[in-house]
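# Coordinate analysis (summary)
Each chain, written out:
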Amino acid sequence: MRSSFLPIAISLPLAAAAAPPARLEVAYEVARNGTAVAEVTDRLEHDGRAYRLEQSWKGKGVFALRGEAQRSSRGAIAGKELRPHEFEDRRTGRPAARALFGWEAKTLTLQYKDGPETRPLPPRAQDRLSFLWSFAFDPPRGQPVILSVADGKGVSRYVYRSAGRERIRTPAGAFEALKLAKQKDGADDRGTEVWLAADRHYVPVRIVVTEKDGTRIEQVAVRIAAP
């Protein structure tokens, strides 16, 4: 199962926030048109200088037959900016996808089934796992934020805009959340909305993707823990 919950341009000023705990784990349930299809767990570890993120996907019900997925991202923390060094995406029955970020050489190397491809490193580069977690270190505030997101197969550019604040309830609790809405690139582009918990380090607690055929994928936090 592929998740595409992507980057952002914001015009809502926010108060400064402390960095997240050195260890943080968020568990989610993913539903497709209201039917639970997967369990997802994100794990963050950092020491203020370097970080590591791990994400595991496990199908539920008939979707368990599709196997499991593991993503990882590791890199440095430069000020409040996450700078990924390596991203890897492994899924049952598929070749692994990798992205290597060369910040000094300003290169990005993508590797999938056809072998490695090196290209110039785009501005504000993140990977598919690190970009949402980057807001836990540097919440969106005032100026537009435009990110380039790599996943081993290619690079996408996304823009989100603030859709205000909402008090939302999830199985993990009630949160004061900043809602972000992805700017569509065309009529066929999917719609994406993200809710970041302003009172819990701006971690994503709800994500809704609406495909062009109307399919609705919802990812909601069921547990947040700092082991």
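Use the structure listed above.
Now for a quick tour of the structure. Here the structure is a predicted model, which means the values were calculated and not measured.

## Brief notes about the pairing of strand E1 (residues 23–32)
In terms of burial, E1 is largely enclosed, as seven of its 10 residues are buried. Here E1 pairs with strand E2 (residues 35–46) via 10 bridges, running antiparallel. The residue of E2 that forms the bridge with Ala31 is Ala36. Once E1 ends, the chain turns through two residues before running back antiparallel as E2, passing Asn33 with a positive phi of about 50°. Strand direction decides the pairing type here: E1 and strand E15 (residues 216–225), joined by eight bridges, are antiparallel. Directly across from Ala27, in E15, lies its bridge partner Arg223.

## Examining the pairing of strand E12 (residues 173–182)
Pairing geometry for strand E11 (residues 155–170) and E12, over nine bridges, is antiparallel. Bridged to Glu166 within E12 is Ala177. Bridge count between E12 and strand E13 (residues 191–197): five bridges; the pairing is antiparallel. Paired with Leu180 across the two strands is Val194, which belongs to E13.

## Focus: the packing of aromatic side chains
The full count for this structure, using the stated rule, is one aromatic pair. A centroid spacing of 6.5 Å and a plane angle of 15° characterise the contact between Phe101 and Trp103, whose relative ring orientation is stacked. The exposure class of Phe101 is buried, given its relative accessible area of 6%. Positioned above the aromatic ring of Trp195 is the side chain of Arg206, whose terminal nitrogen or guanidinium carbon lies 4.4 Å from the ring centre.

## Concerning the nonpolar core
By size, the foremost hydrophobic cluster in this structure holds 53 residues, and its most contacted members are Phe101, Trp133 and Val205. It is helix H1 (residues 130–137) that contributes the most residues to this core, six residues altogether.

Parameters and conventions
Residues numbered from 1 in each chain as written. Predicted model: local features only at pLDDT ≥ 70, side-chain atom pairs only at ≥ 80, totals over all residues. Heavy atoms only, no water. Buried < 20%, exposed > 50% of the residue type's maximum accessible area, 1.4 Å probe, protein only. Helix = DSSP H or I, 4+ residues; strand = E, 2+ residues; numbered from the N terminus. Pairing = 2+ DSSP bridges. Phe/Tyr/Trp six-rings, centres within 6.5 Å; stacked < 30°, edge-to-face > 60°. Lys NZ or Arg CZ within 6 Å of the ring centre and 35° of its normal. Core = buried A, V, L, I, M, F, W, Y, C linked by side-chain atoms within 4.5 Å.

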